Every structure is written in C-alpha cells, then in structure tokens.
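Here is what each chain is made of, one letter per residue.
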Amino acid sequence: MISYLEFEKPVAALESRIAELRAAAEGDDVDISNELERLEEKSADLLASIYGSLTPWQKTQVARHPMRPHFRDFVAYIFDDFMPLGGDRYYAEDEAIVGGLARLGDRRVMLIGHEKGHDTESRLRHNFGMGKPEGYRKAIRLMEMAGRFGLPVVTLVDTSGAFPGVEAEERGQAEAIARSTEACLALPVPMVATIVGEGGSGGAVALASAERVLMLEHAVYSVISPEGCASILWRTAEKAPEAAEAMKVTARDLLKLGVIDRIVNEPVGGAHRDPRAAAGALRDAIGEELDKLLRMSPESLLRLREDRFLGIGDNTKARRRAR
Amino acid sequence: MSWLTQIRKSIPFGRKRESADNLWVKCPNCSEMLFARDYEENLFVCPRCDHHGRVGADTRLAQILDPGYELLPEPSVAEDPLKFRDSKKYADRIKAARAKSPHQDAFQVALGAIEGHKAIVGVQDFTFMGGSMGMAVGQAFVNGAKRALEEECAYIVFTAAGGARMQEGILSLMQMPKATVMTRRLKEAGLPYIVVLTDPTTGGVTASYAMLGDIHIAEPGALIGFAGQRVIQDTIRESLPEGFQRAEYLHKHGMVDMVVERKSLRATLARLLDYLHPAQAA
Ligand SMILES: [Zn+2]
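Residues numbered from 1 in each chain as written. Chains lettered and ligands numbered in written order. Predicted model: local features only at pLDDT ≥ 70, side-chain atom pairs only at ≥ 80, totals over all residues.

Description of the overall build of chain B
Each helix and strand in chain B was counted, giving 10 helices and 9 strands. At 18 Å, chain B has a C-alpha radius of gyration in line with the 19 Å of a compact globule built from 282 residues. For chain B, the C-alpha atoms occupy an extent of roughly 55 × 45 × 45 Å along the three principal directions. Out of the 282 residues in chain B, the part that is buried amounts to 50%. (Helix = DSSP H or I, 4+ residues; strand = E, 2+ residues; numbered from the N terminus. Rg over C-alpha atoms; globule rule 2.2 N^0.38 Å. Buried ≥ 20, exposed ≤ 12 C-beta atoms within 10 Å, placed from the backbone.)

Focus: the overall build of chain A
What chain A contains, in helices and strands, is 15 helices and 8 strands. Relative to the compact-globule value of 20 Å for 323 residues, chain A shows a C-alpha radius of gyration of 21 Å, a close match. Along the longest, intermediate and shortest principal axes, the C-alpha atoms of chain A span 70 × 50 × 45 Å. Of all intrachain contacts in chain A linking residues separated by at least 6 positions in sequence, the fraction that spans at least 24 positions is 72%. (Contact = placed C-beta atoms within 7 Å.)

So, the interface of chain B and chain A
Where interface size is given, it is often the accessible area lost as the parts come together that is meant. Counting residues at the interface gives 44 residues for chain B and 41 residues for chain A. Residue assignment for the side of chain B that touches chain A shows that the elements contributing at least two residues are α5 (135-151), α6 (169-173), α7 (175-188) and α8 (229-236) of chain B. Looking at which element gives the most residues to the side of chain B that touches chain A, the answer is α7 of chain B, with 6 residues. For the side of chain B that touches chain A, the per-class residue count stands at 28 nonpolar, 12 polar and 4 charged. (Nonpolar A, V, L, I, M, F, W, Y, C, P; charged D, E, K, R; others polar.)

Focus: helix α6 (residues 133-148) of chain A
Residues and elements named next belong to chain A. The end-to-end C-alpha distance of α6 is 23 Å, a good match for the 22 Å that 16 residues give at a rise of 1.5 Å each. Looking at α6, one finds that the buried residues are Pro-133, Glu-134, Gly-135, Tyr-136, Arg-137, Lys-138, Ala-139, Ile-140, Leu-142, Met-143 and Ala-146. Its buried side turned inward, α6 meets β2 (97-104), β3 (107-114), β4 (153-159), α7 (166-170) and α8 (173-185). Gly-150 sits one or two positions beyond α6 and adopts a positive phi of about 65°. (Expected span 1.5 Å × (residues − 1).)

Some words on the domain arrangement of chain A
Split by domain assignment, chain A resolves into domain 1 (6-53) and domain 2 (60-316). Here the C-alpha centroids of domain 1 of chain A and domain 2 of chain A sit 36 Å apart. (Domains from an automatic or database assignment.)

Considering the confidence of the model for chain A
Here chain A averages 94 in pLDDT, and 96% of its residues register 70 or above. Throughout residues 316-323 of chain A the model reports pLDDT below 50, and contacts reaching past four residues in sequence, or to other chains, amount to 1 contact. (pLDDT = per-residue confidence, 0-100.)

Regarding the domain arrangement of chain B
Residue and element names in this part refer to chain B. Segmenting chain B into domains produces domain 1 (1-53) and domain 2 (54-280). On a C-alpha basis, the centroid separation for the pair domain 1 and domain 2 is 23 Å. Between domain 1 and domain 2, the contact holds 11 residues from the first and 13 residues from the second. In the side of domain 1 that touches domain 2, the residues fall into 5 nonpolar, 4 polar and 2 charged.

Some details on the nonpolar core
In terms of nonpolar packing, the biggest core is built from 158 residues, with Met-143 and Val-153 of chain A together with Tyr-155 and Leu-197 of chain B touching the most fellow members. Among the elements that line this core, the one with the most residues is α5 of chain B, at 8 residues. Not counting residues up to four positions away in its chain, the partners in contact with Leu-197 of chain B are Thr-159, Ala-210, His-216, Ile-217, Ala-218, Ala-222, Ile-224, Ala-247 and Val-256 of chain B. By size, the runner-up hydrophobic cluster in this structure holds 8 residues, among which are Val-25, Cys-27, Ala-36 and Val-55 of chain B. (Core = buried A, V, L, I, M, F, W, Y, C linked by C-beta atoms within 7 Å.)

Here's the deal with the pairing of strand β7 (residues 193-201) of chain B
Residue and element names in this part refer to chain B. Summarising burial for β7: 9 of the 9 residues are buried, a large majority. In the sheet, β7 pairs with strand β8 (residues 215-218) via 4 bridges, with the strands oriented parallel. Residue pairing in the sheet places Ile-194 in a bridge with Ile-215 of β8. (Pairing = 2+ DSSP bridges.)

Observations concerning the sheet that holds strand β6 (residues 154-161) of chain B
Backbone hydrogen bonds are what pair the strands of a sheet, in a parallel or an antiparallel way. Residues and elements named next belong to chain B. In spatial order, the strands read β3-β4-β5-β6-β7-β8-β9; together these 7 strands make up an open sheet with mixed pairing. Edge strands, defined here as strands with exactly one partner in the open sheet, are β3 (70-71) and β9 (258-259). Across 6 bridges, β6 lies against β7 in parallel orientation. Across the sheet, the residue bridging to Tyr-155 is Tyr-193, located in β7.

Section: the packing of helix α1 (residues 9-25) of chain A against helix α2 (residues 33-52) of chain A
All names here are of chain A. Axis separation between α1 and α2 bottoms out at 9 Å; the angle between their running directions is 160°. It follows from the interaxial angle that α1 and α2 lie roughly antiparallel. Between α1 and α2 lies a crossing whose hand is left-handed. On the side of α1, the interface is formed by Pro-10, Val-11, Leu-14, Glu-15, Arg-17, Ile-18, Leu-21 and Arg-22, while α2 contributes Glu-35, Leu-36, Leu-39, Glu-40, Lys-42, Ser-43, Leu-46, Leu-47 and Ile-50. Residue composition of the contact of α1 with α2, by class: 10 nonpolar, 1 polar and 6 charged. (Axes fitted to C-alpha atoms, helices over the stretch in contact; angles between N-to-C directions. Parallel < 35°, antiparallel > 145°, perpendicular 65-115°, else oblique. Left-handed = near helix turned anticlockwise from the far one by under 90°.)

Digging into the packing of helix α4 (residues 71-78) of chain A against helix α13 (residues 275-293) of chain A
All names here are of chain A. In contact at an axis separation of 9 Å, α4 and α13 are set at 70° when each is read in the N-to-C sense. If you check the angle between α4 and α13, you find them roughly perpendicular. Every pair of crossing elements has a handedness; the one defined by α4 and α13 is right-handed. Packed against α4, whose contacting residues are Asp-73, Phe-74, Tyr-77 and Ile-78, the element α13 presents Pro-275, Arg-276, Ala-279, Gly-280, Leu-282 and Arg-283 at the interface.

Below, the structure written as structure tokens:
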C-alpha cells in the first residue's frame with residue numbers, strides 16, 4: 001500500500017476511483033474496461049506530469065518518503081553478495097552506517113552507506129540513518145582496508161545528518177566526520193558515491209568525498225535541511241519550501257554547479273513506486289563509473305579526486321571567459 | 001584609521017557606553033565596564049572574569065605574529081553563485097558586511113614569524129558574517145596551505161565560525177573536502193598544521209579543518225562543537241551538561257591538546273614550532 005504525499009493527492013483520488021470501479025465491476029456483467037483504461041492512462045499521465053516538475057521542496061518529501069528504497073533494498077537489488085562488517089574497534093557498532101564486502105557483478109567492492117530503517121523497530125535500531133562517531137570511524141576502518149586490498153569503495157548516502165547528541169559530541173562527532181572525509185580523499189582505489197535519498201550536510205560529505213558523485217533523480221543534497229535553513233534565515237521553519245528553492249538542493253541544480261557528476265533517473269512517480277527498477281538503473285550507473293575508474297592508477301585517482309574538490313566553484317575559468 | 005577606530009572595529013560584541021568618547025566597553029560576560037585601552041592591552045580578555053572576547057583578524061594577527069608580517073591578498077571567487085535571497089539578498093548582506101570590515105570576507109592569511117619561527121597564519125574572522133565558511137573562506141584556507149607548502153613552513157589556523165555560509169548552499173558544504181585536500185598535503189609534506197580553536201567554532205568548520213590539526217589548542221571558554229546546542233536539546237529533550245561544548249570540556253574528552261590563555265598563546269605557538277620543525281620531517 002503506497003502512502004501518498006500531499007502533492008500526489010490528485011493521483012490518489014484517481015487511483016481510489018479506479019479501485020472502486022474495479023471492486024464494483026467484480027462479478028458484474030457491465031464492461032467497464034474502457035473506462036478503467038481511460039482512468040489508468042489519466043492517472044499515469046498525471047503522475048508523470050507531477051513528477052516531471054517537482055519543486056525542490058516536493059523532491060525533499062520524495063527523498064524522505066518512508067517507502068523509498070534504503071540501503072538494504074539497494075543491497076538486495078544491486079549487489080550479488082554482501083558480507084556486513086561491524087564495529088569501529090574503539091567503542092561500538094553503529095547501525096546507522098552499514099558497511100561490508102560486496103560483489104557487483106564480477107567486481108569485488110567495499111560497500112558503505114547510511115541505513116534509515118523501514119519500520120519503527122528498524123528505524124530505532126538504525127537511529128534513522130543518523131550516524132554517530134563510531135559509525136564514521138567504522139567507515140574509516142573499512143575504507144582503509146579497502147585501500148589495502150585494492151577494493152573500490154561504493155557508498156550510498158542517505159541521511160538527514162550526523163546525529164546531534166551529547167554523547168556524539170563527547171566522542172568527537174566533528175573529528176570523526178573530518179577523518180572520514182580525509183579517508184575518502186586518501187583512497188588509492190576508485191570511489192563512487194551516490195546520494196540515494198537525503199544528503200544531509202557533513203554527515204553526508206563524510207561518505208561522499210569521492211571522485212565520482214552520482215545522485216538519484218529525486219534525491220536532495222544540502223548544507224543544512226530546508227527547515228534548519230528557514231528557521232535561521234527566515235526565522236520560521238514554515239519557510240522550508242523557500243529555503244529548499246534558494247539553496248539549490250536538487251540533482252539537476254547540483255549537476256549544473258559541478259557538485260555531482262551524474263543523475264540516475266528514477267521510475268515515473270519516484271523510486272518508491274518501483275524500487276527494483278530504481279536499483280537497476282543505479283546498478284548500471286555505478287558499474288559503468290567503476291569500470292572507467294578501474295583503469296586508472298592510484299596516483300591519477302587521487303589527483304582526480306583532489307582536483308575535483310579544489311575546482312568546485314572555481315571562478316578562474318569564468319573570469320577568464322569574461323575578460 | 002585612528003587607533004581608536006581600529007579598536008572599535010575589533011570589539012564587535014563589547015557594547016559601547018553611550019558616552020561622547022566611547023572609551024569604555026562592557027565585558028560581554030560579567031558586564032564590567034572596561035577602559036577600552038586597558039581591554040586592548042589585555043588582549044581583549046576581561047581582567048575581572050578572564051572572559052576571552054572575540055577578536056577580529058587584524059587584531060589577532062598583530063597579537064600573534066612578530067612585527068612586519070605580510071597580509072596575503074584575498075582570493076577572488078564566484079560571488080553569490082546561487083543568487084540567494086531570504087528576507088534580504090545575500091549580495092546585499094555581503095555588501096553590508098564589507099562596509100563594516102576592512103576585508104572582503106571572513107578569512108585572512110598572513111606570512112610572518114612567531115618569535116622568529118616562520119609561519120603562515122590564517123585567521124577566521126567571526127566579525128565578518130559570523131565567520132561563516134563559504135567559497136571565499138575555503139579558498140583563503142587553501143591559499144594559506146599552498147603558501148605554507150611553498151615556504152616549507154608551518155600553517156597555523158585560528159578557527160571561528162557559526163558554521164557554513166548557508167547562502168552559498170552546497171558550495172559552502174564542498175569547502176569541507178576542499179580544505180581537507182590541503183590538510184592532507186601538509187601532512188604529506190611533513191609540515192606542521194596547528195589549529196587554534198576560538199569562540200565559537202561549530203558546524204562544518206569543526207567537522208573539517210578544525211579537527212585535523214597535528215595540534216589542537218583551544219582558548220578558554222570557547223564554544224566548540226559540531227551540532228548546535230538548540231538542535232541537540234530538541235533531539236534529546238533534556239538539559240545539557242555543565243560546560244558542554246566548551247574548550248575545557250573538549251580537553252577533558254580528548255579532542256584538544258591544551259587550553260591556552262590568550263596571553264600565553266604566542267609563546268606556546270613559538271615553543272611548539274621549536275619542536276615541530278619542518279626540516280626534521282620526511
Ligand atoms: Zn568580565
């Protein structure tokens with residue numbers, strides 16, 4: 001059973017009308033197949049048109065949709081094998097960040113990502129995908145291991161942000177994030193990061209400082225949540241839609257800004273309407289990117305990654321053109 | 001600019017008394033009225049309660065470096081890349097900040113020496129839009145690191161920021177990995193990278209270059225953390241522990257090497273540079 005977002009209400013109305021008609025037609029002789037077909041077509045068109053022009057704030061809703069595929073779904077649909085590895089060796093196992101050895105076709109990789117959970121029990125266990133220092137330190141451990149064993153690193157980023165809590169601060173949340181970013185930048189192996197849902201601030205960057213950054217079509221990536229930005233700059237969280245618009249959080253905007261390298265299209269109506277298809281497209285994209293990078297030497301990979309971040313927002317080219 | 005104007009500019013938070021000459025400032029902590037000249041001579045530390053007041057970039061550089069240091073030019077970066085607008089245009093906010101500052105943005109870099117030890121010193125200036133990290137700050141940090149690599153000397157960075165500059169959106173976030181590229185290069189070149197955390201250092205600045213130093217020094221009482229206190233309170237719904245996210249608290253939890261009074265800062269840095277000599281590395 002799909003749960004509808006506010007802006008999907010017209011589609012919901014049509015779909016419930018279709019369901020009613022179907023139920024009424026059960027055992028009835030009246031042929032309504034034409035009417036059903038017409039309504040279904042109308043509903044599909046409506047969905048396509050709504051999703052073809054989502055506002056940044058609507059995309060934020062889609063990216064946070066409770067039914068959106070999360071880490072475990074992508075593992076199931078993309079990877080042929082996955083051996084989770086646990087613990088940071090200092091303090092604890094943090095299930096907000098999952099990682100381990102995985103196979104993508106015939107490629108062996110180190111897979112790391114945020115897991116938000118899918119029901120109350122698992123959401124609590126995974127802390128809604130909000131990593132703590134031990135989660136980022138586990139990611140560092142796994143990235144360093146990947147570097148030693150020549151395993152490319154694939155990350156799936158999906159977090160509203162790193163966990164804001166007293167203990168997380170005490171154990172060095174900032175230090176853990178900084179070191180995790182540093183570990184990405186130090187990898188002598190290919191790294192492909194994908195923002196699959198929410199790319200929330202430092203907690204996302206720590207797993208996304210890769211030479212190739214992909215983004216699902218309706219994912220969002222930002223320095224602060226639209227609500228957070230709105231409550232600071234507009235002094236009310238109600239201005240979140242305006243903040244989402246102003247901050248440029250969508251895949252299309254970020255591609256233009258050179259912050260991401262590739263958009264992976266989602267099925268019509270968003271990844272949650274067909275997780276398998278969404279994962280299939282992502283599988284192909286990650287595979288293609290990895291194959292290109294696997295031909296490069298460790299030195300060129302490091303240089304590519306460094307230049308990518310040193311050059312983001314670089315004005316020299318623009319200024320040269322202007323002259 | 002007269003010496004008095006300079007002092008006024010560097011005391012953004014000490015509220016001035018409504019007198020004709022504005023010679024008095026009020027300690028933001030204990031409200032003691034201080035004679036501006038005494039306050040300055042005491043390095044903007046309250047003689048009564050030891051509160052370490054916030055200081056601007058020029059004041060800081062003058063306090064730390066031997067006379068005759070060279071202020072490096074500020075980087076040129078894309079201005080207002082998102083054409084951001086909230087209740088005001090970002091372009092106007094930046095214009096207003098520049099009108100109140102001798103600088104173009106919130107991070108200044110100087111080449112100089114500390115008791116004879118050559119160093120590049122970067123200072124993040126809270127008085128300029130809360131020290132927030134945008135492209136200009138990130139690029140200035142990078143340029144400072146590049147110069148340290150050229151000069152083969154230490155890089156010392158004073159951090160101060162409410163966090164990322166939201167008006168530059170994701171591009172401000174991208175300054176985290178960008179700065180980290182350079183801290184890695186300093187490490188590889190065997191050059192000391194020393195961070196002095198000043199009040200306040202929070203958000204993406206803390207979660208990148210502020211926490212990647214060989215040495216972390218914090219000024220007494222400085223607020224240092226990743227998440228904002230209100231955000232944490234909203235999440236855990238209980239009151240925060242005493243001294244939470246203050247310099248002494250971070251020292252206790254192993255995140256900084258030492259908490260150093262401002263009056264001992266210059267000598268401490270010089271002593272460190274005497275130990276961490278670049279030539280001995282690699
Ligand atoms: Zn005082």
